[in-house]
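# Reading the structure
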Amino acid sequence: MGLFDKKFCDICGEKIGLLGNRKLEDGNMCKDCAKKLSPFFSDRRSSTIDEIKQQLAYREQNKQALAGFTPNLTFGEEKKIYVDTMNGNFVVSRFNKGSWSEENPDVMPLSSIMSCTLKIDEDRDEIYTQGKDGQRVSYSPPRYKFFYDFILEFKVNNPYFDEFEVKLNDTRIEGVGTIEYNRFQQMAMQIIGTLTPGAAMPNMNMGGMNMGMGMNGGMPFNNGMPMNQGYAPQGGFAQQNPYAQQQNPYAQQNPYAQQPNAYAQQNPYAQQNPYQQAPNAAFGAAAGGYAAQQPNAYAQQPAQAPASQGWVCPACGARNGESRFCECCGTPRQ
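Keep in mind that what you see is a predicted model, and the values were worked out from it rather than measured. (Residues numbered from 1 in each chain as written. Predicted model: local features only at pLDDT ≥ 70, side-chain atom pairs only at ≥ 80, totals over all residues. Heavy atoms only, no water.)

## Looking at the environment of leucine 19
Among the structural elements, leucine 19 can be located in the loop between β2 (15-16) and β3 (21-23). Looking at leucine 19, the relative accessible area reads 77%, which means it is exposed. (Helix = DSSP H or I, 4+ residues; strand = E, 2+ residues; numbered from the N terminus. Buried < 20%, exposed > 50% of the residue type's maximum accessible area, 1.4 Å probe, protein only.)

Below, the structure is given as structure tokens:
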């Protein structure tokens, strides 16, 4: 068989056009069949004809699952993450829900997520100044503008792919601590908290460093609940947080939550303290109590250490014995 001989697709049987062949481990596939594969699938060349046919059958079933997929959360700008919290599924796509028919994005259960890690990629552009001859010259030392991309790295349990990335921002974010930087950082934390409840909180590193939030150990993120109902590019964070309308059931039952110091008022011993300045029922004037007859000596006079306890240095506050000089800083005893 010559190099330019006509080839036929081993999947659909159609003739493969010029430059349209997609090699498999044991055959050929046309570009139309290749488009039907998962967008996260990257192991075509080492896949057999039977494995590709099995995946295409799975992709047909995915269309049915996609028809019943109803997201109530949306995150991201370049690629969007759609989440159906009621049924525990999510979808990743560049397009809106009405444009999914051709792409057929994978409907994945939240339980299939093994880990979700935030990676902040750093890039920089040098800043130049103008030299005497009008040409562009570098500063000494060089100066730079720094830019960042927020990327979520997923590891999932799926028979046809095990990892993929989702870039959240559609344009580079300039500078650390800017409004846009903080917005995407917060967005990433909310996505991870929504998709992986109970994940470990990250160390907030940057510049290409991973901020891992896997499924093993660490502090839970917001008790496993998402902080809001997603992100809308035009209006900031969406206002549909299902948890925002709910009140903490323990807040109203807490007897100490309604008063600044409810315990102090209900403490049966608080009103029997003989050293209180105000008389009380137990020791008041009517009862001839000690509190009404004599003021509290400890309340009106500053505490003085007995002579046997040494003296306190006025300079450093250290307590000394009977020495003439402070044992800590050397200040003479007054």
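## Some words on the sheet that holds strand β5 (residues 73-75)
With respect to topology, four strands assemble into an open sheet ordered β5-β6-β7-β8, the strand pairing being antiparallel. Bordering the open sheet on either side are β5 and β8 (108-109), each of which pairs with just one other strand. Along the sheet, helix α3 (residues 179-195) contacts β5, β6 (80-84) and β7 (89-93); its crossing angle with β5, the most-contacted strand, is approximately 140°. (Pairing = 2+ DSSP bridges. Contact = heavy atoms within 4.5 Å. Axes fitted to C-alpha atoms, helices over the stretch in contact; angles between N-to-C directions.)

## What about the pairing of strand β10 (residues 136-156)?
Here 17 bridges tie strand β9 (residues 113-130) to β10, and the two strands are oriented antiparallel to one another. By the bridge assignment, lysine 119 is partnered in β10 with isoleucine 151. Turn length for the β9-β10 hairpin, with the two strands adjacent in sequence and antiparallel, is five residues, and the turn residue glycine 134 shows positive phi of about 85°. Pairing of β10 with strand β12 (residues 173-174), which is carried by two bridges, proceeds in the antiparallel orientation. Note that in β12 the partner of tyrosine 148 across the bridge is isoleucine 173. As consecutive antiparallel partners, β10 and strand β11 (residues 163-167) are separated by six residues.

## Some details on the pairing of β6
Extensive coverage of β6 is indicated by the burial of five of its five residues. One ladder, built from three bridges, connects β5 with β6; its direction is antiparallel. Bridged to leucine 73 within β6 is valine 83. Taking the residues that link successive antiparallel strands as the turn, the β5-β6 hairpin has four residues, and the phi of glycine 76 there is positive, at about 95°. Taking the residues that link successive antiparallel strands as the turn, the β6-β7 hairpin has four residues, and the phi of glycine 88 there is positive, at about 70°.

## A few points about the side chain of asparagine 104
Summarising the element assignment, asparagine 104 is placed in the loop between β7 and β8. Engagement of the side chain of asparagine 104 in a polar contact is seen with the side chain of asparagine 62, the distance being 2.8 Å. Apart from residues no more than four positions distant in its own chain, asparagine 104 is found in contact with Arg59, Asn62, Lys63 and Leu66. (Polar contact = N/O pair within 3.5 Å; in protein donor to acceptor, adjacent residues only side chain to side chain.)

## Overview of the nonpolar core
For soluble globular proteins, nonpolar side chains are generally found buried alongside one another. With 46 residues, the main nonpolar core has Ile81, Phe90, Leu152, Phe154 and Phe164 as its most contacted residues. No other element matches the eight residues that α3 contributes to this core. Ignoring anything within four residues of it in the chain, the contact list for isoleucine 81 reads Leu73, Thr74, Phe75, Phe90, Val91, Val92, Leu152, Phe154, Val166, Ile191 and Leu195. Formed by six residues, the second largest nonpolar core is a distinct cluster that contains Leu66, Tyr82, Val91 and Val107. (Core = buried A, V, L, I, M, F, W, Y, C linked by side-chain atoms within 4.5 Å.)

## Things to note about the packing of aromatic side chains
One pass over the structure, following the stated rule, counts twelve aromatic pairs. For the ring pair tyrosine 144 and phenylalanine 146, a centre distance of 6.3 Å and an interplane angle of 55° mean the geometry is tilted. The partly exposed category is assigned to phenylalanine 146, whose relative accessible area is 31%. Taken together, a centroid distance of 4.9 Å and an interplanar angle of 15° make the contact between phenylalanine 154 and phenylalanine 164 stacked. In this pair, phenylalanine 154 sits in strand β10 while phenylalanine 164 sits in strand β11, placing the two residues ten residues apart along the sequence. Residue class for phenylalanine 154 comes out buried when judged on its relative accessible area of 1%. Following the ring pairs from residue to residue traces out a cluster consisting of Phe40, Phe90, Phe154, Phe161 and Phe164. (Phe/Tyr/Trp six-rings, centres within 6.5 Å; stacked < 30°, edge-to-face > 60°.)

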